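Observations on the model geometry
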Amino acid sequence: MLGPNGAGKTTLFRTIGGILKPFSGQITLDDADLFNSKEARRRLAYLSHLSALPEEMTVFNALKYYADMEGGDIEQSLDLLNLSDLKERKFSSLSQGQKKRVSISKIFLRERDLYLLDEPTSNVDPKISKEIRDILIKLSKDKFVLYSSHNLYEAREIGTYLILIKNGELKFFDKIENIKTRQYRVGIKSLNDISNLLPDSQFDNGYYVVTVDNPPTVANIINDLVHSGAELTEVRELDNPLQEFFEE
Amino acid sequence: MSFWQATMRRSVRLSKTYFIFGVGMSVFGAIFSNTSSLVPADLITLENTSIDLMNSIPLVSVAILSMAALIFSMPVVMLFVFDKNTGVLEYLLSTGLDQLDVYKGYVKASLSLASILLAFSNILNTAIGIYLGTSLGLLANKVVLTFALGISGVLLATVSMMAFSSLQKTQMGANQPLGPVIGMIPMLPAFIVPVIFPSYAMVIVISIAVVTSLVSLALLLLSSRLIPREKLLS
């Protein structure tokens with residue numbers, strides 16, 4: 001789920017999670033109204049942007065607080081996010097990134113059918129962010145995962161469907177692969193000067209920047225360059241197609 | 001461990017100052033309550049007045065012991081605000097609880113803590129009273145009155161503070177004096193009634209406790225119905 005700040009992403013998560021009552025209609029999970037059915041709400045996991053853990057407890061006890069109420073395997077949850085080393089640390093003493101991981105681990109205490117994750121990779125370093133993405137990809141193979149992010153590359157990497165909301169309205173819902181953009185910018189790095197081979201390119205920050213209409217064109221350009229003696233070291237897509245889509 | 005039990009344990013860990021203060025106040029109340037037994041009756045009975053300090057002082061201590069229970073249970077209200085601010089309440093709602101479940105959890109924790117201190121203070125009070133020769137009837141009355149007033153006051157303070165904290169729009173700190181003040185309102189008459197109307201003290205204090213409890217329970221039910229879930233979010 002993408003949307004600018006204030007678009008209503010968190011509100012939508014809270015509404016799906018049965019915490020907020022919809023102004024109209026109802027949100028159901030297998031015909032059970034999520035706002036009114038406690039049983040239905042137990043089938044979902046909700047990760048808010050807040051830690052939602054007792055700060056005064058150790059990591060283990062903070063997870064035990066929820067495990068005692070709703071069941072679950074604390075050790076398994078800690079292992080999943082490599083938190084075993086932190087389990088005796090007081091939650092309030094952890095860094096923001098560590099707190100985020102512990103917060104995420106609580107939703108894996110037990111299995112659910114629906115996972116609602118509000119910016120799960122915010123405030124974490126790239127390594128942890130990748131770990132979380134890997135977990136989400138694995139999880140989404142047999143569970144329904146709805147998550148929000150401001151990271152367009154991340155959304156494109158792991159998302160299957162895209163929901164775009166702005167000003168509280170649904171602007172787009174389709175498969176990410178169906179998103180078409182008007183043009184692609186590709187950056188090419190070469191050991192030798194290839195400006196004469198790419199007369200329409202612009203040199204920017206070490207890259208020869210080429211604008212093409214569609215991705216397959218890039219393959220032809222690269223092929224021509226190689227055959228013309230270019231010593232290429234890197235070819236990368238400079239823009240995320242979602243970026244343009246997001247800004248429209 | 002259930003939600004309310006976990007809440008009670010967390011409250012104990014949250015602020016030890018309140019617990020120490022509550023226990024200290026209980027000990028003071030238990031001792032003060034029996035001071036009349038240490039003073040000769042002719043010194044404590046005021047001539048030409050209807051005030052019977054011999055019997056009214058022990059009953060005045062009912063208010064002190066009840067207030068001690070109120071102070072002792074205040075960390076639960078603090079924890080509620082703390083949990084609202086850190087998103088714990090939001091997560092609890094998403095796990096299937098509703099407003100009433102959440103409120104009941106904190107109320108049970110609060111009443112359990114108050115009961116523990118009231119039991120302690122009454123055992124101490126009764127032991128001192130028996131040692132000093134206070135009448136068993138008076139001691140029994142004190143036990144009944146202290147539990148009735150203490151529990152009802154704590155119930156009122158907890159419920160009204162949770163409702164108040166839920167409705168607050170801006171994030172507030174947990175150390176609000178409003179909770180103890182609200183809880184003390186029904187306890188204040190217990191300071192005066194035994195002195196002015198010693199014969200009716202028992203009836204009046206029990207009536208205050210019953211009314212307070214009914215008002216609190218009504219407020220609890222109304223809060224869970226009238227305060228929407230979103231008010232428990234940070």
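See the structure shown above.
Let me begin by describing the structure that accompanies this report. All residue numbers refer to position in the chain's written sequence, counted from 1. Labels are handed out in written order, letters beginning with A for the chains and numbers beginning with 1 for the ligands. Side-chain atom pairs in this predicted model are given and counted only at pLDDT of 80 or more, local residue features only at pLDDT of at least 70, and totals for whole chains, interfaces and linings cover all residues.

Re the overall build of chain B
Here a strand is any run of E in DSSP of at least two residues, a helix any run of H or I of at least four, and the numbering for each starts at the N terminus. Tallying secondary structure elements over chain B gives 11 helices and 0 strands in all. Tracing chain B from N to C terminus, the helices and strands come up as α-α-α-α-α-α-α-α-α-α-α. Any residue surrounded by 20 or more other C-beta atoms within 10 Å of its C-beta is treated as buried, while 12 or fewer makes it exposed and the intermediate range makes it partly exposed; C-beta atoms here are placed from the backbone. When the 234 residues of chain B are sorted by exposure, 48% land in the buried category. Distance between backbone-placed C-beta atoms decides contact: two residues are in contact if it is within 7 Å. Taking as baseline every contact in chain B between residues at least 6 positions apart, the subset at least 24 positions apart corresponds to 86%.

As for the sheet that holds strand E3 (residues 44-47) of chain A
All names here are of chain A. Following DSSP output, two strands are said to pair if at least two bridges run between them. Strands sit in the order E3-E4-E5 across an open sheet of 3 strands; the sheet is parallel. The sheet is open, and its two edges are formed by E3 and strand E5 (144-148), each paired on a single side. This sheet shows a mean twist of 10 degrees between the axes of neighbouring strands, independent of strand direction. Pairing geometry for strand E4 (residues 114-118) and E5, over 5 bridges, is parallel. In the strand pairing of E5, Leu 117 is matched with Tyr 147. Sheet strands touched by helix H1 (residues 9-16): E3, E4 and E5. Its angle to E4, the strand with the most contacts, is close to 155 degrees. Lines fitted to C-alpha atoms define the axes, with helix axes restricted to the stretch in contact, and inter-axis angles between N-to-C directions lie between 0 and 180 degrees.

Topic: the interface of chain B and chain A
Taken residue by residue, the interface counts 20 residues in chain B and 20 residues in chain A. Of all the secondary-structure elements, those providing two or more residues to the side of chain B that touches chain A are helix H1 (3-14) and helix H6 (88-94) of chain B. Residues are grouped as follows: Ala, Val, Leu, Ile, Met, Phe, Trp, Tyr, Cys and Pro are nonpolar; Asp, Glu, Lys and Arg are charged; all remaining types, including Gly, are polar. Of the residues contributing to the side of chain B that touches chain A, the split by class is 8 nonpolar, 6 polar and 6 charged.

What about the environment of Ser 77 of chain A?
All names here are of chain A. Position of Ser 77 relative to the elements: it lies in helix H4 (residues 74-80). Exposure remark for Ser 77: the 21 C-beta atoms within 10 Å place this residue in the buried category. The spatial distance from the C-alpha of Ser 77 to the C-alpha of Leu 63 is 8.9 Å, given a sequence separation of 14 residues.

Considering the pairing of E4 of chain A
Residues and elements named next belong to chain A. In terms of burial, E4 is largely enclosed, as 4 of its 5 residues are buried. Relative to E4, E3 runs parallel, the two sharing 4 bridges. Note on E4: the bridge partner recorded for Ala 45 is Tyr 115.

Let's talk about the nonpolar core
Buried Ala, Val, Leu, Ile, Met, Phe, Trp, Tyr and Cys residues form a nonpolar core when they are connected through C-beta atoms within 7 Å. Counting 107 residues, the largest nonpolar core has Leu 116 of chain A together with Val 62, Ala 68, Ala 69, Phe 72, Ala 114 and Val 205 of chain B as its most contacted members. Ranked by residues supplied to this core, first place goes to helix H5 (residues 53-86) of chain B with 20 residues. Residues contacting Val 62 of chain B, with those up to four places away along its chain left out, are Lys 142, Leu 145, Thr 146, Leu 149, Ala 190 and Val 205 of chain B.

Topic: helix H7 (residues 99-132) of chain B
Helix length check: H7 of chain B (34 residues) gives 49 Å between terminal C-alpha atoms against 50 Å at 1.5 Å per residue, within 8%. Looking at the residues trailing H7 of chain B, positive phi occurs at Gly 133 of chain B, about 85 degrees. The span expected for a helix works out to 1.5 Å for each residue beyond the first.

What about the pairing of strand E7 (residues 169-175) of chain A?
Residue and element names in this part refer to chain A. The element E7 is largely exposed, with a buried count of 0 among its 7 residues. Relative to E7, strand E6 (residues 161-166) runs antiparallel, the two sharing 6 bridges. Residue pairing across strands places Tyr 161 opposite Lys 175, the latter belonging to E7.

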